[in-house]
Amino acid sequence: MIDLIIWSKDRAAQLDLLLRSLEEFMPNTFNVNVVFTYSDEKYRMAYNNVLSTSPVAFHMKDETNFREDTMLNIENKLSNNDLVAFATDDTVLIRPAEFKTEYMDNVSVFSLRL
């Protein structure tokens, strides 16, 4: 599986759409890690709702320091020689996609953009 780090700020509804599209179009492809932050308590409650209702199992971490949180996440993944992908909460999949990891030995970047 590919480790996917998703960044989100004050957009729990968009994060929910991304997670649902991952489940629909790329099930069992990613280990999902969400690093999120919020500007007030109503957004925090919305993220808690996503966590409790999402069809995708994922790890969620409240951002304390963007750079440190991101680097720690990446270092943990790369120390196991795992593949790491990144997304923001405004990403959504609209059709199935397939990654053949046996061809990714030398890949440093791939994109899901249209």
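Throughout what follows, the structure given in this document is the object of discussion. Residue indices follow the written sequence of each chain, beginning from 1 at its first position. Per-residue local features are limited, in this predicted model, to residues with pLDDT of at least 70; the limit for side-chain atom pairs, both in listing and counting, is 80 or more; totals at the level of whole chains, interfaces and linings are taken over all residues. Heavy atoms throughout the structure, all of them, feed into the side-chain values; hydrogens and water do not.

Let us now look at a nonpolar patch on the surface. Two distance rules govern patches: like charges are joined within 9 Å, and nonpolar side chains (Val, Leu, Ile, Met, Phe, Trp, Tyr) within 5 Å, applied only to residues with over 30% relative accessible area and no salt bridge. Surface exposure here means Shrake-Rupley accessible area, sampled with a 1.4 Å probe, where a residue is shielded only by the protein chains that are shown. Any Lys or Arg side-chain nitrogen found within 4 Å of a carboxyl oxygen on Asp or Glu counts as a salt bridge. Nonpolar side chains collect at one region of the surface, where Leu17, Val92 and Ile94 lie side by side and expose about 280 Å² of accessible area between them. Examined against the element boundaries, Ile94 turns out to sit in the segment after strand 4 (84–88). Counting from the N terminus, the helices are DSSP H or I runs at least four residues long and the strands are E runs at least two residues long.

So, about the layout of surface pockets. Where empty space is left in the structure can be found by rolling a water-sized probe over the atoms. In this analysis a 1.4 Å probe is tested at points of a 1 Å grid over the protein atoms alone, and where it fits but cannot get out there is a cavity; an open set with protein on both sides within 12 Å along at least five of seven lines is a pocket; lining residues have an atom within 4 Å of a point. Grid points are joined across faces, edges and corners, and a volume is the space filled by probe spheres set on the points. Taken as a whole, the second largest pocket holds about 150 Å³ of empty space. What lines the second largest pocket is Met1, Leu22, Glu23, Met26, Pro27, Asn28, Thr29, Phe30, Val32, Val56 and Ala57. Sorting the residues of the lining of the second largest pocket by element identifies helix 1 (12–25) and strand 2 (30–37) as the ones contributing at least two each.

When DSSP finds at least two bridges between two strands, those strands are taken to pair. With parallel pairing, the four strands of this open sheet are ordered in space as 3-2-1-4. Both outer strands of the open sheet, strand 3 (58–62) and strand 4, are each paired with one neighbouring strand and no more. The mean angle between the axes of side-by-side strands here comes to 20 degrees, regardless of whether they run parallel or antiparallel. Pairing between strand 2 and strand 3: five bridges, direction parallel. By the bridge assignment, Asn33 is partnered in strand 3 with His59. By definition, residues are in contact when any of their heavy atoms lie within 4.5 Å. Lines are fitted to the C-alpha atoms to define the axes, a helix being fitted only along its stretch in contact, and any angle between axes, read from their N-to-C directions, falls within 0 to 180 degrees. Relative to strand 1 (residues 2–9), helix 1 is tilted by about 160 degrees, and along the sheet it contacts strand 1, strand 2, strand 3 and strand 4. Lying over the sheet, helix 2 (residues 41–53) contacts strand 1, strand 2 and strand 3, oriented at roughly 165 degrees with respect to strand 3.

A few words on the pattern of salt bridges. When the charged atoms of two side chains with opposite charge come close together, those side chains can pair. This model, assessed by the stated rule, comprises two salt bridges. Two residues, Arg11 and Asp89, come together in a salt bridge whose shortest N-O distance is 2.6 Å. With Arg11 in the loop between strand 1 and helix 1 and Asp89 in the segment after strand 4, the pair connects residues that are 78 residues apart, well separated along the chain. Measuring nitrogen to oxygen at the nearest pair gives 2.9 Å for the salt bridge that ties Arg20 to Asp16.

Take the buried Ala, Val, Leu, Ile, Met, Phe, Trp, Tyr and Cys residues and link them wherever side-chain atoms come within 4.5 Å; each set so joined is a nonpolar core. The buried label goes to any residue with under 20% of its type's maximum accessible area, the exposed label to any with over 50%, and the partly exposed label to all in between, with areas taken from a 1.4 Å probe on protein chains only. Membership of the largest hydrophobic core comes to 22 residues, with the highest contact counts inside it found for Leu4, Ile6, Leu19, Leu22, Phe30, Val32 and Val34. Counting only elements with at least two residues in this core, the list comes to strand 1, helix 1, strand 2, helix 2, strand 3 and strand 4. What Val34 contacts, discounting residues up to four positions off in sequence, is Ile6, Leu15, Phe58, His59, Met60 and Lys61. One finds Ile5, Val35, Ile74 and Val84 within the second-largest nonpolar core, a separate group that totals five residues.

Right, let's get into the side chain of Ser8. Among the secondary structure elements, Ser8 is positioned in strand 1. Side-chain polar atoms of Ser8 contact the side chain of Tyr47, separated by 2.6 Å. The definition of a polar contact used here is a pair of N or O atoms within 3.5 Å, where within protein one atom must be able to donate a hydrogen and the other to accept one, and adjacent residues in sequence count solely through side-chain atom pairs. Separated by 2.7 Å, the side chains of Ser8 and Asp89 make a polar contact. Those residues in contact with Ser8, other than ones at most four positions away along the chain, are Leu15, Val35, Phe36, Thr37, Tyr47 and Asp89.

Two aromatic rings are characterised by how far apart their centres lie and by the angle between their planes. Between rings of Phe, Tyr and Trp, where Trp is taken as its six-membered ring, a pair exists when centres lie within 6.5 Å; planes separated by under 30 degrees are stacked, by over 60 edge-to-face, and by other angles tilted. By the definition in use, this model includes four aromatic pairs. Ring geometry for Trp7 versus Phe86: centroids 5.3 Å apart, planes at 0 degrees, classification stacked. Residue Trp7 is located in strand 1, and its partner Phe86 is located in strand 4; the two are separated by 79 residues in the primary sequence. Given a relative accessible area of 41%, Phe86 falls into the partly exposed group. Taken together, a centroid distance of 4.8 Å and an interplanar angle of 40 degrees make the contact between Phe36 and Tyr47 tilted. Here Phe36 is found in strand 2, whereas its partner Tyr47 is found in helix 2, with 11 residues between them in sequence. Tyr47 shares its class with Phe36; the two are buried.

These values are about where atoms sit, not about what they do.
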